[in-house]
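Each chain, written out:
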Amino acid sequence: MINAADTAWMLTSTVLVLFMTLPGLALFYAGLVRAKNILSVLMHCVAITCAVSVLWVVCVYSLAFGEGSPFIGGLQHAFLAGLTRDAVHPGTAIPDTVFIMYQMTFAIITPALIVGAYVERIKFAAVLLFSSLWVVVVYAPAAHWVWGGGWLAGLGVMDFAGGIVVHTTAGISALVAAIVLGPRDGFPQHNHPPHAPWMVMVGACLLWCGWFGFNAGSAVASNGTAGMAMLVTHMSAAVASLTWMAIEWVRFGKPSMVGIVTGTIAGLATITPASGFVGPAGALIIGVVAGGVCYVAVDIVKRSFRVDDSLDVFAVHGVGGMAGTLMTAFLVPLAMGGTGLPEGVTVAHQFGIQAIGVLVTAVWSGGMTYALLKITQALVGLRTSRESESQGLDLTGHGENGYNMGFGGSSQ
Amino acid sequence: MINAADTAWMLTSTVLVLFMTLPGLALFYAGLVRAKNILSVLMHCVAITCAVSVLWVVCVYSLAFGEGSPFIGGLQHAFLAGLTRDAVHPGTAIPDTVFIMYQMTFAIITPALIVGAYVERIKFAAVLLFSSLWVVVVYAPAAHWVWGGGWLAGLGVMDFAGGIVVHTTAGISALVAAIVLGPRDGFPQHNHPPHAPWMVMVGACLLWCGWFGFNAGSAVASNGTAGMAMLVTHMSAAVASLTWMAIEWVRFGKPSMVGIVTGTIAGLATITPASGFVGPAGALIIGVVAGGVCYVAVDIVKRSFRVDDSLDVFAVHGVGGMAGTLMTAFLVPLAMGGTGLPEGVTVAHQFGIQAIGVLVTAVWSGGMTYALLKITQALVGLRTSRESESQGLDLTGHGENGYNMGFGGSSQ
Amino acid sequence: MINAADTAWMLTSTVLVLFMTLPGLALFYAGLVRAKNILSVLMHCVAITCAVSVLWVVCVYSLAFGEGSPFIGGLQHAFLAGLTRDAVHPGTAIPDTVFIMYQMTFAIITPALIVGAYVERIKFAAVLLFSSLWVVVVYAPAAHWVWGGGWLAGLGVMDFAGGIVVHTTAGISALVAAIVLGPRDGFPQHNHPPHAPWMVMVGACLLWCGWFGFNAGSAVASNGTAGMAMLVTHMSAAVASLTWMAIEWVRFGKPSMVGIVTGTIAGLATITPASGFVGPAGALIIGVVAGGVCYVAVDIVKRSFRVDDSLDVFAVHGVGGMAGTLMTAFLVPLAMGGTGLPEGVTVAHQFGIQAIGVLVTAVWSGGMTYALLKITQALVGLRTSRESESQGLDLTGHGENGYNMGFGGSSQ
Amino acid sequence: MKFVTAIIQPYRLDAVREALTAIGVAGLTVTEVRGYGRQRGHTEVYRGAEYTISYIPKLKLEIAVDDSQLDELLEALTKSARTGKIGDGKIFVLDLEAAVRIRTGESGSSAL
Amino acid sequence: MKFVTAIIQPYRLDAVREALTAIGVAGLTVTEVRGYGRQRGHTEVYRGAEYTISYIPKLKLEIAVDDSQLDELLEALTKSARTGKIGDGKIFVLDLEAAVRIRTGESGSSAL
Amino acid sequence: MKFVTAIIQPYRLDAVREALTAIGVAGLTVTEVRGYGRQRGHTEVYRGAEYTISYIPKLKLEIAVDDSQLDELLEALTKSARTGKIGDGKIFVLDLEAAVRIRTGESGSSAL
Ligand SMILES: Nc1ncnc2c1ncn2[C@@H]1O[C@H](COP(=O)(O)OP(=O)(O)O)[C@@H](O)[C@H]1O
Ligand SMILES: Nc1ncnc2c1ncn2[C@@H]1O[C@H](COP(=O)(O)OP(=O)(O)O)[C@@H](O)[C@H]1O
Ligand SMILES: Nc1ncnc2c1ncn2[C@@H]1O[C@H](COP(=O)(O)OP(=O)(O)O)[C@@H](O)[C@H]1O
């Protein structure tokens, strides 16, 4: 039977998670690029949202959550066949429609996260095509494995809100995409500072608020689990922010605003897989690790790998999501204030399962992303021309300017 | 009895619908005007919100939802007389206070939509006076006819969340207002591009998220109808966005960001009347039609009518809302995945009722808007001076500038 | 037992109140300063949020809401010791976790409000240290006195959502901080207009929407009290906005956008203590008083006191919160549409209690703020160098610029 | 050749450009500037405090012309930019020793 | 007449304008520019990466004066804009052949 | 001394500055301007309506040099700013009567 209270919270959570992408993530990313590419980034986020929404209804929901093999769901729910208004989603007390919408918002944000890897140099057609393929080939199976009753679920993997399904897939795919596309012109000698750090902050705050829908909503109920998930999510974000701030303060003598909010996102991504299982102590630990590890990862990717993962998707989301998934094994035990491991499962055993989950998903995501990018390249091309890159994607790709303030807007 | 779960969702929906106007619609519109008029647009939205809120309590709520004749409600609830804290709103399971607040947010956004027709050239006093009169003379009766037990409800008109009450009234009134005021100086030879397309996108996203409160909230309950309304609303938005994008891509070789989000709003406005009645298939159809028809309408109004409905209120909201209301007749049948027509009612019959609803409301809105504008003109004047228009309304009307970045803000 | 519906609304309210600070208040304040200090203000809000969150868990929650003396709570909940996932918070029907999170968001926004007093000239280290001390020394006891079963609660003080606990403490502390720090260079001869009035409006709107979580959420239930709190909160905001607008219109011939939204915030702050007790009539009265009194207070602080409380925290929040707390005594009676005074309590008596609450809290806040600022000064210093103030805190304090649009962002 | 700098009211730009095109001036460079002069700035009020904006937005046009075109240019500029109100702006004429078109390397009048 | 261009530190604007007013210079035009010179730009750090900002915000003042006022102007400018630190800026003096006040058509010194 | 004004394509800035540094020009001042000329502006489309942007973003460099450096400077500028497409910009050379370094009061070539 439908529980109206759970439904109320899940309707709200759905709005919150959509809000994370539009406009949260879009602003977070848009502020980090140059002024001449702001609209292209916003457009990527909107277009991905729309395309994924349609594909979700067409087949991705069914592939992810339909009954099928351990590897992929069936097509019985393609086009939402048979969906009725008052059907309850199995295993929950909310309408099927709400479950479908809620999960759709996860499928939307995941490819949108990857945008940060290829900004400022990709063709818009490539964004659309790649993201569409990706959500079918990478997201649907990963979601099925972990949340749709697939083989990882069978193994006992613990991923409350998407450390594997969302952040590992997006993070690894971002790294691969950044490598395949190659760096922006001038990287790494001539970097360009974020054109609107204030906008980065706004985006980060919207992500922060929306993330409560993501993590606390993953309880799929309005209860103590949702409450605790919200509390630990918030604590991890706060602690990771302070950690990042402290590192910068020590290292550069000044803590930066872009830095502190990058720490926020690291903290949020890292707690995600653990958010329904751990207690406040776990959250503090995750927060510190998130801030520290992601900070280091940003440096390594840029300086050692010399990969232009432009907005640090891998370092923040990928590394954070994977670290959080692995740490879950240690922080779930009752002794740590967590919900406890299943009877008879040791920390080491759980860690092994978590590691398998992360590893297999990472390999699948990386390999498939590589293949899909090659296909995309063959079909519509990947990179814009150098001239277009130098003029900016807003004008050359969309025929627009993000800011038309010239002459007080009184003439052009 | 009060159902706390329904109440939770309706409290949330109320916040979402207010959020649509402030700051959603305000930003959507403000980004589309020139930099020198940004504050005037924001101010219009805030002032309309405040004035309508007061009038709502004074008499509009009562006129719309009080028992009265088929044409207008009584004044028994003027000044919310007799309202008690724990009263349940008849026919719902939520407190009367929540119903009143929720419906107030609809009364707020409707005249705020009209702002887009007269920006950049109207006197602020005219905005205040006209909007105040309008909400009494146009909105209150229309809401009463359709939702307050009036004659259109009696006829069996289907308007779930405001295709008639909100979008037809606002759209037609916008067209009339644009004609009566006349075009902005320079129209149509010297148009000015939106000063901040990025802001348009943010506004559109807030509208998108808030619209779930509008449509799914119109179920006035936390149930399967709300869930399905959210799903179809989202699908229509996504499909209409992609449709608009595709048209631009074919026609100009480049899809624009302002274009795709205009499609979003078209999709949202068009599904509104149908959102509680149709299924996913209906949503896809509405989405495609919304994107296509509103796109064409924008062109027609500007090029053929040569009317300076500056931010395309009629073409997007009016045409969308009317089209959606009419299409509802075809998409409600069970065969289309809808909730079904009342027993014995044929599609043709329902279509006739819908058409009457649209037509009569359109005529009433248009005629009354014309009259109210003439009254406004007589009392406080309508247009600012040409000089004021050229200097910008922010400075001349409000003594402020939207952006004071000069000299790094270090001196003026 | 946990009531899932109340929980749903309180989860939502928690998100709304966090949203008030991040990004609501942050944007409201950031738009009011000069472009060169925008990031510092955003950073203050983020850092305060993070630091207070950690301290909340460490001890502030326990000091505020733990059982203890009438003056301060015990430390039994330090580090949230003993918190279980499914524990119900005493006296409510929501999980303890949710109560803790919800109240945390209040503890966050209160010191963040004070930011407005010391912007553009304070050291970042001082912000962090002072806010951390403040939340322990001022906020925790005040919250305990009023909401944690302390002596003011015992007296029968009525403060529904924080007229005393939030606005009196923050407002008075802001005044003291402004005096101790001294004015910005150039005050009051060379003032600088807000660098982004549009951003002020966005912040105000987010505060408005979020305030429903603040006031209606303070019912800690999804019921008629929450509904009425939302309604009166909204009405007060609307009426105060119109009042402020009217005053400016009469005085300067033009109503300003920054003015109308300042009125909004005044209306919201002023109704806060009364929001769960009064009816619509009370809201209208509070709204008018809020708009008028806070308007006058802004002038007095700047011109008569010549205190550079830069963003008018005392005049808007302090004066509003105190006025609202005092007015509560008059507007609660049944005759005014309120919930009524406790049996046997007269208006005069209640007014006395309210006055004691305000007075003692004001004295405590002022005195302690003075002491904490002196300690902060001794430990890390308070003001930045004059050069740093003239160059802007963004660059000198955080090594960043809020806007990097130079040369289309194509080079630096 | 002459290097002419004109400070004008922003909203006269369209009119000025039309007038210049009419006399065959095909190129110019525009800069957003702020001017201080006889024209009194306006007052902005934020929260009851008045701010006098003394630096007023203007546009600066820079136009390189052949000596032979100078008089015509000055006349066209003066006429098209004039509104008759204080703050209409100024025209400054400087001697231009050399001009080069970067694309072709041409110099002198033909570079304009 | 002379056309004087001064590049100054933005935060010296108020001081400079007061000094100019004191010697009777009533008009000037200000432009936001970025300067490259001996002054080392500052470093900004975003996510651990350092960015050197080598183009430093400056203000450019353009002031047309009568020959007779030049020396006084240069002195006033130099004194009021100086802080003694690298990056204080430059003053350039060019010959001004003609000046016109658009509003009245006046030309020569009286147009200033 | 000469006062050289160059209007260039914004994305050539890095190349130009490198070329100037190579010949020992150590200072310059950059302004964001918009140019109108032979180069046809681009078209932007918003909601089906086309907007022709006829004022194209350019950068203006102002460089004061000693007479002896002029030729070298012009060559360096022309080479480094050139792409060969319409809109590459112009160089204008004016005579510079005097230059002062505000910090030290030095004047003449040594002030540059
Ligand atoms: N001596 C000057 N040198 C440079 N620019 C000047 C000078 N005097 C005025 N201007 C510019 O001309 C503009 C108009 O001058 P103003 O004195 O206000 O009016 P008017 O041109 O009608 O005399 C000023 O805003 C300023 O930009
Ligand atoms: N040769 C030059 N031509 C034009 N502008 C210059 C020149 N040299 C310096 N400038 C301008 O003067 C400013 C200050 O110069 P800089 O060398 O940094 O310090 P200083 O003026 O103390 O010698 C620069 O930022 C630049 O705007
Ligand atoms: N007569 C002129 N006076 C001042 N600036 C000019 C003049 N002609 C062109 N310009 C500037 O030079 C830029 C390039 O000129 P344009 O005619 O488009 O191409 P090209 O330099 O290749 O001939 C213009 O955008 C404008 O800024």
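Let me sum up the structure you'll find in this document. Treat the numbers as computed from the prediction; the structure is a model and nothing was measured.

This next bit is on the site of ligand 3. Taken together, the neighbourhood of ligand 3 is formed by 21 residues, with T29, R101 and R103 of chain D together with R38 and G87 of chain F sitting nearest. Neighbouring residues of ligand 3 are not confined to a single chain but are spread across chains D and F. R101 of chain D places a side-chain nitrogen or oxygen 2.4 Å from an oxygen atom of ligand 3. R38 of chain F is positioned with one of its backbone polar atoms (N or O) 2.7 Å from an oxygen atom of ligand 3. When ligand 3 is considered free in solution it has 540 Å² of accessible area, and contact with the protein chains removes 99% of it. Among the elements of the structure, strand 2 (28-36) and strand 5 (56-65) of chain D together with strand 2 (28-36) and strand 6 (90-95) of chain F are those that each provide at least two residues to the shell around ligand 3. With three residues, the top contributor of residues to the shell around ligand 3 is strand 5 of chain D. In terms of residue class, the shell around ligand 3 is built from seven nonpolar, seven polar and seven charged.

Around ligand 2, 21 residues are found, and the nearest of them are R38 and G87 of chain E together with T29, R101 and R103 of chain F. With respect to ligand 2, the chains having nearby residues are chains E and F. The backbone of Q39 of chain E places a nitrogen or oxygen atom 2.9 Å from an oxygen atom of ligand 2. Between ligand 2 and K90 of chain E there is a distance of 3.3 Å, counted from an oxygen atom to a side-chain nitrogen or oxygen. Residue assignment for the shell around ligand 2 shows that the elements contributing at least two residues are strand 2 (28-36) and strand 6 (90-95) of chain E together with strand 2 and strand 5 (56-65) of chain F. Sorting elements by how many residues they give to the shell around ligand 2 places strand 5 of chain F first, with three residues. Residues that form the shell around ligand 2 fall into these classes: seven nonpolar, seven polar and seven charged.

To continue, consider the interface of chain C and chain A. How big an interface is tends to be stated in terms of accessible area lost as the parts join. The partner chain A presents 58 residues to the 59 residues of chain C that form the contact. Taken together, the two surfaces of chain C and chain A that pack against each other cover about 4,400 Å², and 79% of this comes from carbon and sulfur. Applying the counting criterion to the chain C and chain A interface returns zero salt bridges. Linking chain C with chain A are 11 residue pairs in polar contact (both at pLDDT 80 or more), by the criterion used here. Mapped onto the side of chain C that touches chain A, the elements with two or more residues apiece are helix 1 (4-32), helix 2 (38-65), helix 3 (96-118), helix 4 (124-147), helix 7 (197-215) and helix 14 (393-398) of chain C.

Cut-offs applied
Residues numbered from 1 in each chain as written. Chains lettered and ligands numbered in written order. Predicted model: local features only at pLDDT ≥ 70, side-chain atom pairs only at ≥ 80, totals over all residues. Heavy atoms only, no water. Near = heavy atom within 4 Å. Polar contact = N/O pair within 3.5 Å; in protein donor to acceptor, adjacent residues only side chain to side chain. Areas by Shrake-Rupley, 256 points an atom, 1.4 Å probe, with all protein chains shown as cover. Helix = DSSP H or I, 4+ residues; strand = E, 2+ residues; numbered from the N terminus. Nonpolar A, V, L, I, M, F, W, Y, C, P; charged D, E, K, R; others polar. Contact = heavy atoms within 4.5 Å. Buried area = accessible area lost by both parts, 1.4 Å probe. Salt bridge = Lys/Arg side-chain N within 4 Å of Asp/Glu carboxyl O.

That is the geometry; function is a separate question.
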